[in-house]
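Residues per chain are reported as follows:
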Amino acid sequence: MTTAYTEIARDLTPAGHVRAAAFALLELFAEYPDLPVPHWAMPTPQPEDGPALYGHLQREHETLEAFEACVKALGGEVTSCAPAERYGRQVRTHSVVAHWRGVRVDVTVTLPASIDVQAGM
């Protein structure tokens, strides 16, 4: 039996990728209603290798706890960049890249460089 989602996921056109990414985002909200909400973006055009979503935790969600909640919900691999100076303070950007319902999901957060993200995982 096919569902509306499996039909969308099989559509390999650019418009199909956008629909698959939007549908996956809706399912993420439905399954994890308390998840901190990043600023979401769907690249246009979508990558050729499949649908993708990009999220960035900002403002009140720019915390280690919010990032850990995203990692727990999505799974995936966490990577961190080298420290850099921003507005006079040392910061580090961390990302989790996962596949959610066949869609690549990449969520990033920028935190003070002194915070050890790997220790909390």
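The structure displayed is predicted, hence computed values, not measured ones.

**Student:** In this structure, what is going on with helix α3 (residues 64-74)? I would like to understand it.
**Tutor:** For an α-helix, the turn length of 3.6 residues means that residues three or four places apart are oriented alike. If you check which residues of α3 are buried, you get Leu64, Ala66, Phe67, Cys70, Val71, Ala73 and Leu74. Of the residues trailing α3, Gly75 is marked for its positive phi of about 70 degrees.

**Student:** What's the story with the pattern of salt bridges in this structure? I'm lost.
**Tutor:** As a working rule, side chains carrying opposite charge can pair if their charged atoms are close by. Under the defined criterion, the tally for this structure stands at four salt bridges. Between Glu62 and Arg86 there is a salt bridge, and its shortest N-O distance comes to 3.7 Å. With a gap of 24 residues between them, Glu62 in the loop between β2 (52-56) and α3 and Arg86 in strand β4 (residues 84-86) connect regions that are remote in the sequence. You can call Glu62 partly exposed: its relative accessible area is 25%. One salt bridge connects Arg104 with Asp106, and the closest N-O pair in it is separated by 3.3 Å. Judged by relative accessible area, which is 33%, Arg104 ranks as partly exposed. Note on Asp106: relative accessible area 12%, which makes it buried. Via salt bridges that share partners, Glu27, Glu31 and Arg101 belong to a single interconnected network.

**Student:** I would appreciate a short explanation of the packing of aromatic side chains in the present structure.
**Tutor:** In total, this model carries one aromatic pair according to the counting rule given. One Lys or Arg, Arg101, reaches over the ring of Trp100 and ends 4.3 Å from the middle of that ring.

**Student:** Help me understand the nonpolar core, please; the structure alone is not making it clear to me.
**Tutor:** Buried together is how nonpolar side chains tend to be arranged in soluble globular proteins. Among the nonpolar cores identified, the biggest contains 26 residues, and Phe67, Leu74, Val105 and Val107 are the most heavily contacted of them. For this core, the elements supplying multiple residues, two or more each, are α2 (14-31), α3, β5 (89-100) and β6 (103-112).

**Student:** Would you mind showing me how to read a nonpolar patch on the surface here?
**Tutor:** Together, Leu26, Phe29 and Val37 give the surface a local cluster of nonpolar side chains, amounting to about 280 Å² of exposed area. The topology assignment puts Leu26 in helix α2. The class of Leu26 is exposed, set by a relative accessible area of 56%.

**Student:** It is not clear to me how unusual backbone geometry should be interpreted in this structure. Could you clarify?
**Tutor:** Leaving glycine out, the prevailing phi sign among residues is negative, and the prevailing peptide bond configuration is trans. Positive phi, close to 50 degrees, is recorded for Arg59, a residue that is not glycine. Along the chain, the position of Arg59 falls in the loop between β2 and α3. For Arg59, a relative accessible area of 67% translates into the label exposed. Even without a glycine there, the phi angle at Arg101 is positive, about 55 degrees. Note on placement: Arg101 falls in the loop between β5 and β6. Taking relative accessible area as the criterion, Arg101 reaches 32% and is therefore assigned partly exposed.

The rules behind each value
Residues numbered from 1 in each chain as written. Predicted model: local features only at pLDDT ≥ 70, side-chain atom pairs only at ≥ 80, totals over all residues. Heavy atoms only, no water. Buried < 20%, exposed > 50% of the residue type's maximum accessible area, 1.4 Å probe, protein only. Helix = DSSP H or I, 4+ residues; strand = E, 2+ residues; numbered from the N terminus. Salt bridge = Lys/Arg side-chain N within 4 Å of Asp/Glu carboxyl O. Phe/Tyr/Trp six-rings, centres within 6.5 Å; stacked < 30°, edge-to-face > 60°. Lys NZ or Arg CZ within 6 Å of the ring centre and 35° of its normal. Core = buried A, V, L, I, M, F, W, Y, C linked by side-chain atoms within 4.5 Å. Patch = residues over 30% accessible without salt bridge, like charges linked within 9 Å, V, L, I, M, F, W, Y side chains within 5 Å. Areas by Shrake-Rupley, 256 points an atom, 1.4 Å probe, with all protein chains shown as cover.

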